[in-house]
Amino acid sequence: MKVRALLTAASAATLAFALAGCATSAPSAATPVAEAAPAPAHTPIVWDLTDLYPDAAAWQSEHDAVVADMERISAYRGRLGRNAATLAEAMELTSGLSKRAVRLFVYATLRGDEDTRIQENLARRQLGNQLLSRLGEATSWMNPEILTIGERRVETFIRQEPRLGVHAVNLRETLRFAEHTLTPQSEAVLAAAGLPLGGPQRIYTQMAGSDIPWPTIEIDGEQVRLDAQAYTRHRQNPDRDTRKRVFDAFFGTWRQYESTLGEALASNTQGQVMNAQVRNYGSAREAALFANALPVSIYDQLVSQAHAGLPTLHRYFRLRGRMLGINDLAYYDIYPDLLSYDATYSVDDSERITLEALQPFGEDYLNILRQGFAADWTHLYPQEGKQSGAYVFGAAYDVHPYVLLNHQDDFDSLSTFAHEWGHAVHSSLSNSTQPWETSNYATFVAEMASTINEVLLLRNVQARATSDDERLFLLSQELELYRGTFFRQTMFAEFEAQIHAAAERGEPLTGERMSEIYLALLRSYHGADSGVMAIDPAYALEWAYIPHFYTNFYVFQYATSVAASTLFAERLMSNQPGAQAAVINMLRSGGSQHPHEMFVAAGVDLSTPAPYRAVVTRMDAIMDEMEAILARRG
Ligand SMILES: [Zn+2]
């Protein structure tokens, strides 16, 4: 599967409106996997974008109207602190504009993704992007001005003026950054430095995406150009020798660029460190987590609990070796399926099974699913020119979420279906409960809302399996979810923390040094010293292949999400009193609270060991069951 973070946030002043996009989970693969679209075997099922605008002309005229209305923002410059009514007027104006601009952006994105080859769609998409950045520029003076008004006066305004009620969360969020905001002159310098500081990531993207000459090797009688997409497809080849050749060729190519890519990642890391230092943060990690008010102790707890769980991960690798019939397990043996099991799931099956599996959420949740399935919210099947992968766009506040899938009737499609509908229901619950201003939720919460559906789905289909093979297959899928999303993402998180810490200590950070750090982590996570798995140092170049290392301190959220999901799922399935209401309330809370507060209120404290232990306990239970089946079969 793949990660496709569709969304960027554009932030217009105090409006922390991000666009709730989603990525499909299981981010074990680092890059989006673009599958070739097979010939359509189904009647196309497409979403109805007339719920957004009757036609493209209506989109254009609304776009022009928003551009014209943006002119009114500058009239408030220098006046926000005058009185509560003026502040309320300015907030209402910009908030209303952001809601309209985001809806325009949603339409432009969705229409573009229906067929990425159509020029008119590309042009509209550019207009949508430009609109958000123009709004960002038009409101860029607001946060600094709110900071100069100061907390006391802003709080007085909030008490005096009821119209500021819906804006209070965002105003306080702006004020929270006061101690990390510099003088206007320094802010201007940092803003100007943004472009060159983004250079390393652009260089990386350019090299990884197009400049590196990927080797061509023969796989199953065909000549395959082994770029990142081909690598993710062929690393699970059932033939061991083929897997080794795939790994050797792929990482051997990265090796040739070790020093250049090391400079790129080191520069990116140093840029983050500099930014954190000048803004008075204790570390780059602290700065990254401050954005969502997340305590650093969550990160440390995650890492230490993953370490504590390594014996269980190693038990899984031993079981993997046994089921694959391999005595000397190597790093290229982690991807192939443990047994072949071909089941097909039509869209009707996906809908039916998802509804069954998510019953623990209760009727309110299920009713949104039923409503969404019956209406035209989804672009369902692969077709030529369509965007690959899967996502949910829930940011058109007064409409409904839109779901992009590429359903191919296999188990992955079923799992993705349940995952994405988790995002859709989350958006729907948040939008129907919160005002626009606090309807957008953080990634830290979003991936829990989707991963929990994967967990509940797996548990449901496992319980209904009709053969040993089916049951073993479904249990192994759940093990893979935890390996890829809990352990692997935590290993990435640890690598990020280590290279940032090295940069903060002023240590030289070369490509060779990064390979050393990464190799030590690979060895420890995969039990190299205890003979669980051999790690060829050549594969330590994997750090160069992971694009997320340029998005600082992001991937750890996948690991925390799957841990929280596992604990919530256990509580829902065992009908623990209050569990259902706690989870539903959390989904309804949108962005009205900081994510960690929301988790704690729902009964999951990610700064404690409990959620992470739930993952490890569950993995052991799965393996007990698999080993019992294998023992019975002899
Ligand atoms: Zn997702």
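**Student:** Account for the pairing of strand 1 (residues 216-219), with residues named and values stated.
**Tutor:** Of the two faces of strand 1, the one holding Ile217 and Ile219 is buried and the one holding Thr216 and Glu218 is not buried anywhere. Pairing analysis gives four bridges linking strand 1 to strand 2 (residues 222-225), with the strands arranged antiparallel. Bridged to Thr216 within strand 2 is Arg225. Hairpin connection between strand 1 and strand 2: a loop of two residues separates the two successive antiparallel strands, and Asp220 in this loop has a positive phi of roughly 50 degrees.

**Student:** Outline helix 25 (residues 610-633), supporting the account with residue identities and numerical values.
**Tutor:** Here helix 25 contains 24 residues, and its C-alpha end-to-end distance of 35 Å stays within 8% of the 34 Å for a straight helix at 1.5 Å per residue. Buried within helix 25 we find Pro611, Tyr612, Ala614, Val615, Val616, Arg618, Met619, Ile622, Met623, Met626, Ile629 and Leu630. The first or second residue beyond helix 25 is Gly634, which carries a positive phi of 75 degrees.

**Student:** With reference to specific residues and values, describe the environment of Arg172.
**Tutor:** As for its position among the elements, Arg172 is in helix 6 (residues 168-176). By relative accessible area, which is 39% here, Arg172 ends up partly exposed. If near-sequence neighbours (up to four positions away) are discounted, Arg172 is found in contact with Glu155 and Ile158. Side-chain polar atoms of Arg172 contact the side chain of Glu155, separated by 2.8 Å.

**Student:** Before we move on, can you summarise the sheet that holds strand 3 (residues 378-379) with the specific residues and values?
**Tutor:** As summarised here, the arrangement of the three strands in space is 3-5-4, forming an open sheet in which the pairing is mixed. Two strands bound the open sheet, and with one partner strand each, they are strand 3 and strand 4 (391-393). Across three bridges, strand 4 lies against strand 5 (residues 402-404) in antiparallel orientation. Residue pairing across strands places Tyr391 opposite Leu404, the latter belonging to strand 5. Running over the sheet, helix 2 (residues 84-114) touches strand 3, strand 4 and strand 5 and is turned about 150 degrees from strand 4. Strands in contact with helix 17 (residues 411-433) are strand 3, strand 4 and strand 5; relative to strand 4, the strand with the most contacts, it is inclined by about 15 degrees.

**Student:** Lay out the environment of Ala291 in plain terms, naming residues and giving numbers.
**Tutor:** Mapped onto the secondary structure, Ala291 falls in the loop between helix 12 (284-290) and helix 13 (296-308). The spacing of Ala291 and His594 is 303 residues in sequence and 9.7 Å in space, taken between C-alpha atoms. Sequence-distant contacts of Ala291, defined by excluding residues within four places in its chain, comprise Glu173, Arg176 and Phe177.

**Student:** Pulling in residues and values, what's your account of the packing of helix 17 against helix 18 (residues 443-463)?
**Tutor:** Interaxial distance between helix 17 and helix 18 falls to 8 Å at its minimum, and their mutual angle equals 135 degrees. As judged from the angle between their axes, helix 17 and helix 18 are oblique. For the pair helix 17 and helix 18, the crossing hand works out as right-handed. Across the interface between the two elements, Phe411, Leu414, Ser415, Ala418, His419, Trp421, Gly422, His423 and His426 from helix 17 touch Val445, Ala446, Glu447, Ala449, Ser450, Thr451, Asn453, Glu454, Leu457, Leu458 and Val461 from helix 18. Of the residues belonging to the contact of helix 17 with helix 18, the class tally is ten nonpolar, eight polar and two charged.

**Student:** Could you give an account of the pattern of salt bridges, with specific residues and numbers?
**Tutor:** If you walk through the whole model with that rule in mind, you get 39 salt bridges. Of the charged contacts in the structure, one is a salt bridge between Arg163 and Glu92, with a shortest N-O distance of 3.0 Å. Of the two residues, Arg163 is situated in the loop between helix 5 (151-160) and helix 6 and Glu92 in helix 2; the sequence distance between them amounts to 71 residues. You can call Arg163 partly exposed: its relative accessible area is 35%.

**Student:** Can you break down unusual backbone geometry residue by residue, with the values?
**Tutor:** Unusually for a residue other than glycine, Asn280 sits at a positive phi of about 65 degrees. Checked against the element boundaries, Asn280 lands in the loop between helix 11 (258-278) and helix 12. Positive phi, normally seen in glycine, also occurs at Ala293, with a value near 55 degrees. Relative to the helices and strands, Ala293 is located in the loop between helix 12 and helix 13.

**Student:** Let's hear about helix 8 (residues 199-211): which residues, and what values?
**Tutor:** Buried within helix 8 we find Gly199, Pro200, Tyr204 and Met207. The buried residues of helix 8 occupy an angular sector of 135 degrees when projected down its axis, which confines them to one face. Residues of helix 8 that are buried make contact with helix 7 (184-197), helix 10 (240-255), helix 11 and helix 21 (542-545).

**Student:** Got a sec to walk through the packing of aromatic side chains? Specific residues and values, please.
**Tutor:** In this description, a pair of aromatic rings is defined by centroid distance and the angle of the planes. Scanning the model with the defined rule gives 49 aromatic pairs in all. Between Phe247 and Tyr335, the aromatic rings sit 6.4 Å apart at their centres with planes inclined by 35 degrees, giving tilted as the arrangement. Of this pair, Phe247 sits in helix 10 while Tyr335 sits in the loop between helix 14 (310-324) and helix 15 (347-357), placing them 88 residues apart in sequence. Pairing Phe411 with Phe473 gives two aromatic rings, centres 5.9 Å apart and planes at 85 degrees, and the pair type is edge-to-face. You can see Phe411 sitting in helix 17 and its partner Phe473 sitting in helix 19 (residues 468-504), a full 62 residues away along the chain. When its relative accessible area of 9% is taken as the criterion, Phe411 is described as buried.

Calculation rules
- Residues numbered from 1 in each chain as written.
- Predicted model: local features only at pLDDT ≥ 70, side-chain atom pairs only at ≥ 80, totals over all residues.
- Heavy atoms only, no water.
- Buried < 20%, exposed > 50% of the residue type's maximum accessible area, 1.4 Å probe, protein only.
- Helix = DSSP H or I, 4+ residues; strand = E, 2+ residues; numbered from the N terminus.
- Pairing = 2+ DSSP bridges.
- Expected span 1.5 Å × (residues − 1).
- Contact = heavy atoms within 4.5 Å.
- Polar contact = N/O pair within 3.5 Å; in protein donor to acceptor, adjacent residues only side chain to side chain.
- Axes fitted to C-alpha atoms, helices over the stretch in contact; angles between N-to-C directions.
- Parallel < 35°, antiparallel > 145°, perpendicular 65-115°, else oblique.
- Left-handed = near helix turned anticlockwise from the far one by under 90°.
- Nonpolar A, V, L, I, M, F, W, Y, C, P; charged D, E, K, R; others polar.
- Salt bridge = Lys/Arg side-chain N within 4 Å of Asp/Glu carboxyl O.
- Arc of directions from axis to C-beta.
- Phe/Tyr/Trp six-rings, centres within 6.5 Å; stacked < 30°, edge-to-face > 60°.

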